Amino acid sequence: MTVAARPSRWIWAAAILVALIRPYMLINHFVVQTPPTRWLVDLEVYRNAGISNLIGRPVYAAVTAPPQLLPFTYPPIASIFAILLALIPFGLAGWLWTLAQFAVLAALVWWLFREPAQRCGRWWPLALAGIWTAVGCLQPVGDGIRFGQVDIFLMALVLFDLGERSGRIPRGVLIGLATSIKLTPGIFIVHLLVTRQWRAAAAAASAAGFTLAAFLLLPNASFAFWGGALQDPDRLGLNDGTSNQALRGILLRAHWDSSALWLVLVLIVMVVGLGIARRAHRRGWFWHEAAAVGIVGVLISPVSWIHHFVWVVVALAALLQVRKLLAAAIVWALFTMPLPWWGQWRLQQGLDFPASSSGNPGWQLLNDSYGLISVLLLGVLAWSLPAVRRRAARPDSPREAPSAVLP
């Protein structure tokens, strides 16, 4: 049931957002405090790929300017979309991209957290404003905005598609589009198959259509990506670095470079996580369903940087939906603190871990904390999943919400 709010309270909510956005950007080092050489480095990668298409330069051979020297690692269709970024100056593109991420974050907060916020009564618009700020303080969200990442846009596409909605675009097509831009959303196609949503899974095959279009438009780049760049995870950076919180990154940091062990863990996480999502789908708890699949996707990927863990936002919405306030607060606090970097720093300093005779194991767990917490978060989602079927199987579509803005 929707609780009406006076226009004045919406004005107050907007004023809070405007008042908080500058310290919010400063605290998280989004734009203002980031050194020029590290300002929106991933957006620069995207724009550089678009420039490569315009001037006829090999997309996967080019790198960004020093000191980053980052290559383009996405499928060729993404480089075609990036041409739009190449047509405008980088500074303008950076500010537009950052503001777009804030807008999409606001739309997602509206959609995912509106029902819990309405429990605050007629002041629920201010509660939404506070939730928007709290969500923005999460390390994965902050890193995504600071680096100019695409994760929040892809998550919005997938959530918009996965939820029941009205519209002319067949359900599944946007998941296919997200998968063609970045392969990791493909786990949602697997989920559609597991839950026997055959029509949506068939529509998600649009990923193949976008890929074929890229082959026709960029044959050389397509052969370069699918025939070589995709098989080279080192193009992404140090796979054993702290920022890689995927299962494979945890194993590499533990010096367990075993493909067999990694594949076994991937299989276990997929069976457990997709099983939770399947039960959530049958009972109509969309938030649990989407969060479980998203977390599985980042865990099983060979490389998942911290900003890929934006799916914790959906997990928080799931916990608040079922009134697990303490669990939500603990998860929020853990993902707000830079735990992996604290662990890395202490390992580098050779500091002893309290109550540990060997020193390193405790700090190594901290170094791997986001990945390990995400594994535990699957258990929390299973624990908090209500046994009863939800009367309204899906949240209202963002398309039906006048204030929602989605890409």
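None of the values given here were measured: they were computed from a predicted structure. (Residues numbered from 1 in each chain as written. Predicted model: local features only at pLDDT ≥ 70, side-chain atom pairs only at ≥ 80, totals over all residues. Heavy atoms only, no water.)

**Observations concerning the overall build of the chain**
Reasoning step 1: Counting its secondary structure elements, the chain contains 21 helices and zero strands.
Reasoning step 2: Every one of the 407 residues in the chain was classed for burial, and the buried ones make up 53%.
Reasoning step 3: Long-range pairs, those at least 24 residues apart, make up 75% of the contacts in the chain with a sequence separation of at least 6.
Reasoning step 4: Element-wise, carbon and sulfur atoms account for 67% of the exposed surface of the chain, whose accessible area totals about 18400 Å². (Helix = DSSP H or I, 4+ residues; strand = E, 2+ residues; numbered from the N terminus. Buried < 20%, exposed > 50% of the residue type's maximum accessible area, 1.4 Å probe, protein only. Contact = heavy atoms within 4.5 Å. Areas by Shrake-Rupley, 256 points an atom, 1.4 Å probe, with all protein chains shown as cover.)

**What to know about the pattern of salt bridges**
Reasoning step 1: Scanning the model with the defined rule gives three salt bridges in all.
Reasoning step 2: Where Arg 146 meets Asp 143, a salt bridge forms, and the shortest distance between an N and an O atom there is 3.0 Å. Within this pair, Arg 146 and its partner Asp 143 are both found in helix H7 (residues 139-147), separated by three residues, close to a single helical turn.
Reasoning step 3: A residue is classified by how much of its surface remains accessible, and Arg 146, at 15% relative accessible area, is buried.
Reasoning step 4: Residue classification places Asp 143 among the buried residues on the basis of a relative accessible area of 7%.
Reasoning step 5: The residue Asp 151 makes a salt bridge to Lys 182 at a minimum N-O spacing of 2.9 Å. Taken together, the residues Asp 151 in helix H8 (residues 151-162) and Lys 182 in the loop between helix H9 (173-181) and helix H10 (187-194) connect sequence positions 31 residues apart.
Reasoning step 6: According to the relative accessible area criterion, Asp 151 is buried, its value standing at 10%.
Reasoning step 7: Looking at Lys 182, the relative accessible area reads 9%, which means it is buried. (Salt bridge = Lys/Arg side-chain N within 4 Å of Asp/Glu carboxyl O.)

**Let's talk about the UniProt feature "transmembrane region" (unreviewed entry) in the chain**
Reasoning step 1: If you check UniProt for "transmembrane region" (unreviewed entry), the listed places come out as residues 12-32, 78-111, 123-141, 175-194, 200-218, 260-278, 290-318 and 370-388 in our numbering.
Reasoning step 2: In the segment residues 123-141, helix accounts for 84% and strand for 0%; the C-alpha atoms at its two ends are 26 Å apart. (UniProt positions renumbered as here; feature names shortened; annotations may be inferred.)

**Notes on the packing of H10 against helix H15 (residues 259-283)**
Reasoning step 1: Where H10 meets H15, the axes come as close as 10 Å, and the angle between the chain directions of the two elements is 60°. Relative to H15, the element H10 is oriented oblique. You can see that H10 and H15 cross each other, and the crossing is right-handed. Where H10 abuts H15, its residues Ile 187, Val 190, His 191 and Val 194 lie against Met 270, Leu 274, Ala 277 and Arg 278. (Axes fitted to C-alpha atoms, helices over the stretch in contact; angles between N-to-C directions. Parallel < 35°, antiparallel > 145°, perpendicular 65-115°, else oblique. Left-handed = near helix turned anticlockwise from the far one by under 90°.)

**Some thoughts on the side chain of Gln 321**
Reasoning step 1: Within the secondary structure, Gln 321 sits in helix H17 (residues 312-321).
Reasoning step 2: When neighbours within four sequence positions are excluded, Gln 321 is seen to be in contact with Leu 112, Glu 115, Pro 116, Arg 119, Trp 285, Trp 287 and Arg 390.

**Thoughts on the packing of H17 against helix H21 (residues 369-384)**
Reasoning step 1: Relative orientation of the contacting elements H17 and H21 amounts to 25°, with a least axis distance of 10 Å. Here H17 lies roughly parallel to H21, going by the angle between them. Where H17 crosses over H21, the handedness of that crossing is left-handed. On the side of H17, the interface is formed by Val 312, Ala 315, Ala 318 and Leu 319, while H21 contributes Leu 377, Val 380, Leu 381 and Ser 384.

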